[in-house]
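Chains, contacts and geometry: an overview
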Amino acid sequence: MNVLTLSGISKRYKSVTALSDVSFTVPEGSVFGILGPNGSGKTTLLGIVTDVLRASAGSYKFFDGSQPVNEIRKEMGVLLETPNFYPYLSARQNLEIVAKIKGCDYSNIDPTLKKVNLFDRRFSSFKTFSLGMKQRLAIASTLLNNPGIIILDEPTNGLDPEGISEIRQLIKQLSNEGKTVILASHLLDEVEKVCTHVAILKKGKLLVYGDVGGALSGESSGNESTLPAKQTVMIEVGSENMGTLTDVLKTLSGVLDINQSDNLVTISHYEGELTPEEVNKYCFEHGVVLNRLIAKNKNLESKFLEITK
């Protein structure tokens, strides 16, 4: 069964079109990632399905549409912005306030704190928490009513690697409990590790959606994939003389694109048309000794860049 079905959702602000005819379905029990560059319409889309914004056109429904949307929303957990917790109150005291607003029983608080691994810090003031702990408490506030559907907007935004890992594990835990998690994020590597399904937006338009593997390999269950017939892959190289390395790579047959950052150069090429050994040999023959040569696996990030370029 599909938890959410969107049909032709559009949102316009005068001359700006934030969303244009977006349609896809979210399967029950999935971790569904809505991905796209900044300004692609991710937050606008979540705002519409949570009734913060009104669509200019189109419609959506939860499940089969037989239940009133307002009743379903009462049983959802939504985090579009980080809640404004009171800094001098403890984690438990802050959740007591949230529970009172939501009409939840206080008995749900301790089990929820255990779920987000904050029970041992339940009496600590919010101001003493790390960014990752603050975000886990924010997610805890969405779980007090034990929702079956959880909607999170950029849940790892601004966190350090440890905080990102904490949120990633929590999302996996919620998924293992059978909950449906819908999240918007631009941290593609992290989404690749937790999402089962994905929808990719660019400038308000849906490019492709489906399960993570299928959507990005051209076997989309939604819009026709925009991936090229030939897949591109990447090779990462480095040298003591980066300027000369870049110049040499520009003359190497088969290189489609070159991107330099710090002390590394990443080249892309069609799969099967270049090998790391050939790159190494060509550079050596042109007077460049490589100190780094790595064939990068095709991942969500490289495929995402192919789709959105």
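Note that the structure is a prediction, hence the values are computed from the model and not measured.

Attention shifts here to empty space enclosed by the protein. One pass over the structure, following the stated rule, counts two cavities of 30 Å³ or more. Counted as a void, the second largest cavity has a volume near 40 Å³. Taken together, Leu4, Leu6, Phe24, Ile34, Leu45, Leu46, Val49, Ile151 and Ile182 make up the lining of the second largest cavity. Elements represented by at least two residues in the lining of the second largest cavity include exactly strand E1 (2-13) and helix H1 (42-49). Looking at the lining of the second largest cavity element by element, the count peaks at three residues for H1. Considering only residue class, the lining of the second largest cavity consists of nine nonpolar, no polar and no charged.

Below, the discussion takes up the packing of aromatic side chains. Taken as a whole and judged by the stated rule, the model has five aromatic pairs. Ring centres of Phe24 and Phe32 lie 5.1 Å apart, and the angle between their planes is 10°; this geometry places the pair in the stacked category. The exposure class of Phe24 is buried, given its relative accessible area of 2%. Aromatic side chains Phe85 and Phe126 sit 5.1 Å apart centroid to centroid with 55° between the ring planes, which places their arrangement in the tilted category. Of this pair, Phe85 sits in the loop between strand E5 (76-79) and helix H3 (91-102) while Phe126 is found in the loop between helix H4 (109-115) and helix H5 (131-143), placing the two residues 41 residues apart along the sequence. Under the relative-accessibility criterion, Phe85 is labelled buried at 9%. You can call Phe126 buried: its relative accessible area is 10%. An aromatic cluster is defined as three or more aromatic residues linked by ring pairs; in this entry it consists of Phe24, Phe32 and Tyr209. A cation over a ring is seen here: Lys114 above Phe119, with NZ or CZ 4.8 Å from the ring centre. In this structure, Arg122 is placed above the aromatic ring of Phe119, and the distance from its NZ or CZ to the ring centre is 3.8 Å.

Inspection of every chain in the model, using the stated rule, returns eight salt bridges. Note that Glu96 is salt-bridged to Arg92, the shortest N-O span being 2.6 Å. On the criterion of helical spacing, the pair formed by Glu96 and Arg92 is a turn pair, its members being four residues apart in helix H3. On the accessibility criterion, Glu96 (23% relative accessible area) is partly exposed. Its salt-bridge partner being Glu177, residue Lys115 comes within 3.1 Å of it at the nearest N-O pair. Placement of Lys115 in helix H4 and of Glu177 in the loop between helix H6 (161-176) and strand E7 (180-185) is noted, with a sequence separation of 62 residues between them. Under the relative-accessibility criterion, Lys115 is labelled partly exposed at 22%. Residues participating in the shared-partner salt-bridge network are Asp51, Arg54 and Arg73.

Taken in spatial order, the three strands of this open sheet run E2-E1-E4, and their pairing is antiparallel. Edge positions in the open sheet fall to strand E2 (16-27) and strand E4 (57-62), since each of these has one partner strand only. Within the sheet, the average angular offset between the axes of one strand and its neighbour, ignoring direction, is 15°. Where H1 meets the sheet, its contacts fall on E1, E2 and E4, and the angle it forms with E1 comes to roughly 115°.

A few words on the confidence of the model for the chain. Averaged over the chain, the pLDDT score is 86; the fraction of residues at 70 or greater is 88%. Taking the mean pLDDT of every element in the chain, the minimum, 61, falls on helix H11 (residues 300-308) and the maximum, 95, on H4. A low-confidence stretch, residues 224-229 (pLDDT under 50), is modelled with 13 contacts involving residues beyond four sequence positions or located in other chains.

Okay, the side chain of Thr50 next. Mapped onto the elements of the fold, Thr50 is located in the loop between H1 and E4. Judged by relative accessible area, which is 12%, Thr50 ranks as buried. At 3.3 Å, the side chain of Thr50 and the backbone oxygen of Gly47 are in polar contact. When near neighbours in sequence (up to four residues on either side) are disregarded, Thr50 contacts Arg73, Val78, Leu80 and Ile151.

What the largest pocket holds in volume is close to 380 Å³. Every residue lining the largest pocket is counted, 19 residues in all, and those nearest its centre are Val78, Val98, Ile101, Lys102 and Ser141. When contributions to the lining of the largest pocket are tallied by element, the ones reaching two or more residues are helix H2 (69-74), E5, H3 and H5. At five residues, the largest contribution of residues to the lining of the largest pocket is made by H3. For the lining of the largest pocket, the class distribution of residues is 10 nonpolar, six polar and three charged.

Cut-off values and rules
- One numbering rule holds for all chains: residues counted from 1, following each sequence as written.
- Residues qualify for local features only when their pLDDT is at least 70, as the model is predicted, and side-chain atom pairs are given and counted only at 80 or more; totals for whole chains, interfaces and linings, by contrast, use all residues.
- As a convention, hydrogens and water are excluded, and side-chain values are obtained from all of the structure's heavy atoms.
- Computed over the protein atoms alone on a 1 Å grid, cavities are sets of points where a 1.4 Å probe fits but cannot get out and pockets are open sets with protein on both sides within 12 Å along at least five of seven lines; a residue lines them when it has an atom within 4 Å of a point.
- Grid points are joined across faces, edges and corners, and a volume is the space filled by probe spheres set on the points.
- Put simply, DSSP marks the helices as runs of H or I at least four residues long and the strands as runs of E at least two long, and each gets a number from the N terminus on.
- Just so you know the grouping, Ala, Val, Leu, Ile, Met, Phe, Trp, Tyr, Cys and Pro go in nonpolar, Asp, Glu, Lys and Arg go in charged, and all remaining residues, Gly too, go in polar.
- When two rings of Phe, Tyr or Trp (its six-membered ring) have centres within 6.5 Å they constitute a pair, described as stacked for plane angles under 30 degrees, edge-to-face for angles over 60, and tilted for the intermediate range.
- Exposure categories follow from relative accessible area, calculated using a 1.4 Å probe and restricted to protein chains: below 20% of the type maximum is buried, above 50% is exposed, and the middle band is partly exposed.
- Over a ring means this: the NZ of a Lys or the CZ of an Arg is within 6 Å of the ring centre and within 35 degrees of the ring normal.
- Salt bridge, as used here, is a side-chain nitrogen of Lys or Arg placed within 4 Å of a carboxyl oxygen of Asp or Glu.
- Should DSSP find at least two bridges between two strands, the strands are regarded as paired.
- Only C-alpha atoms enter the line fits that serve as axes; for helices the fit covers just the stretch in contact. Angles between N-to-C directions range over 0 to 180 degrees.
- Here, two residues are considered to be in contact whenever any of their heavy atoms come within 4.5 Å of each other.
- The predictor attaches a confidence to each residue, and that confidence, scored 0 to 100, is pLDDT.
- Identification of polar contacts relies on pairs of N or O atoms within 3.5 Å, with a donor-acceptor requirement for protein atoms, meaning one able to donate a hydrogen and the other able to accept it, and with residues adjacent in sequence counted only if both atoms are side-chain atoms.

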